[in-house]
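Listed below are the residues making up each chain.
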Amino acid sequence: MVTQSSQFRGSASDPHLRVSDAERQAVADRLGEHFADGRLDQAEFDERVNRAMSAKTRADLHGLFDDLPEMNSRPDTGAPAGGDALAGPRRRHRHPVLVLVLLVVITLAAAHAVVAATVPWLWLGLVAAIVFLATRGTRRPRASQDR
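What counts and how
Residues numbered from 1 in each chain as written. Predicted model: local features only at pLDDT ≥ 70, side-chain atom pairs only at ≥ 80, totals over all residues. Heavy atoms only, no water. Core = buried A, V, L, I, M, F, W, Y, C linked by side-chain atoms within 4.5 Å. Buried < 20%, exposed > 50% of the residue type's maximum accessible area, 1.4 Å probe, protein only. Helix = DSSP H or I, 4+ residues; strand = E, 2+ residues; numbered from the N terminus. Patch = residues over 30% accessible without salt bridge, like charges linked within 9 Å, V, L, I, M, F, W, Y side chains within 5 Å. Areas by Shrake-Rupley, 256 points an atom, 1.4 Å probe, with all protein chains shown as cover. Salt bridge = Lys/Arg side-chain N within 4 Å of Asp/Glu carboxyl O. Lys, Arg positive; Asp, Glu negative; His and termini not counted. Charge placed at Lys NZ, Arg CZ, Asp CG, Glu CD. pLDDT = per-residue confidence, 0-100. Contact = heavy atoms within 4.5 Å. Expected span 1.5 Å × (residues − 1). Arc of directions from axis to C-beta. Polar contact = N/O pair within 3.5 Å; in protein donor to acceptor, adjacent residues only side chain to side chain.

The tendency in soluble globular proteins is for nonpolar side chains to be buried as a group. With 13 residues, the main nonpolar core has Val27, Leu31, Leu61, Leu64 and Phe65 as its most contacted residues. Put simply, the parts of the chain that give this core at least two residues each are helix H1 (21–36) and helix H2 (42–53).

As C-alpha cells, this is what we get:
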C-alpha cells in the first residue's frame, strides 16, 4: 500500500512530473480527512488545499503531509472504530415532505380499496330497496275466512 507521505516522494516519483486533476483531488480529500479529525484549523486547511489544487508538478505537493500522521495509524483512544464516541449512532435524516407524500399515497390506496369493496354492495342494496318499494304496494290481501 502506498502511504500518503510517500506517494509523492522517493526515487519512484519524479518531482518534475506533472500531476493530474485526480491526484490533486486525492490530496485535497486526504487533507479534508485531517481537517475533519481536527488536525488542521480552517486557515491551514485552506492554505494547503489551495497549494494542492494549484500544484503543477509533484514537487509542488511536497510538504503538505509532513507534520500529519498517516491516516491508517489512528491513536488507540479506546473509542469504537469508525466514529466519534460522543456522537453516538448516526441517524438517517428523513424528509418530512416525502413522509407526507407517502402518507397521502397510503391513504388514497386504502380509500380506493374501501370504495372498491363497498360500491358493488351499495348497488345491490339500492336494487333491493327499489324492488322492495315497488312490490310493497302490489301485495294481495289474504282471503279472509268466512265467519
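Moving on from the coordinates now.
Once that is clear, we can look at a negative patch on the surface. Where like charges cluster on the molecular surface, the negative patch consists of Asp41, Glu44, Asp46 and Glu47. Positionally, Asp41 belongs in the loop between H1 and H2.

Our focus in this paragraph is a nonpolar patch on the surface. A cluster of nonpolar side chains, contributed by Val115, Val119, Leu122, Trp123, Leu126 and Ile130, occupies part of the molecular surface with about 600 Å² of accessible area. With respect to the secondary-structure elements, Trp123 resides in helix H3 (residues 96–136).

Here the chain shows a mean pLDDT of 78. Residues at 70 or above account for 69%. Looking across the chain, the model is least confident in H3, with a mean pLDDT of 88, and most confident in H2, with 92. Confidence drops under a pLDDT of 50 for residues 1–6, and excluding neighbours within four residues, the segment shows 11 contacts in the predicted structure. For the stretch residues 77–88, pLDDT sits under 50, and the model shows two contacts to residues farther than four places along the chain or on other chains.

A rise of 1.5 Å per residue sets the reference length of H2, with its 12 residues, at 16 Å; its end C-alpha atoms lie 16 Å apart and thus fit the reference within 8%. Every buried residue of H2 is accounted for by Phe45, Arg48, Val49 and Ala52. Projected onto a plane normal to the axis of H2, the buried residues spread over an arc of 100° and lie on a single side. Summarising the geometry of H2, the exposed residues directed more than 90 degrees from the buried face are Ala43 and Asn50. In the core, the buried residues of H2 are packed alongside H1. N-capping of H2 is provided by Asp41, with a side-chain oxygen placed 3.3 Å from the backbone N of Ala43.

Our next topic: the environment of Lys56. For Lys56, the position within the fold is in the loop between H2 and H3. A residue is classified by how much of its surface remains accessible, and Lys56, at 48% relative accessible area, is partly exposed. Considered as a pair, Lys56 and Arg18 are 38 residues apart in the sequence and their alpha carbons are 5.5 Å apart. In this structure, Lys56 is in contact with Leu17, Arg18, Val19 and Arg24, ignoring residues within four places of it in sequence.

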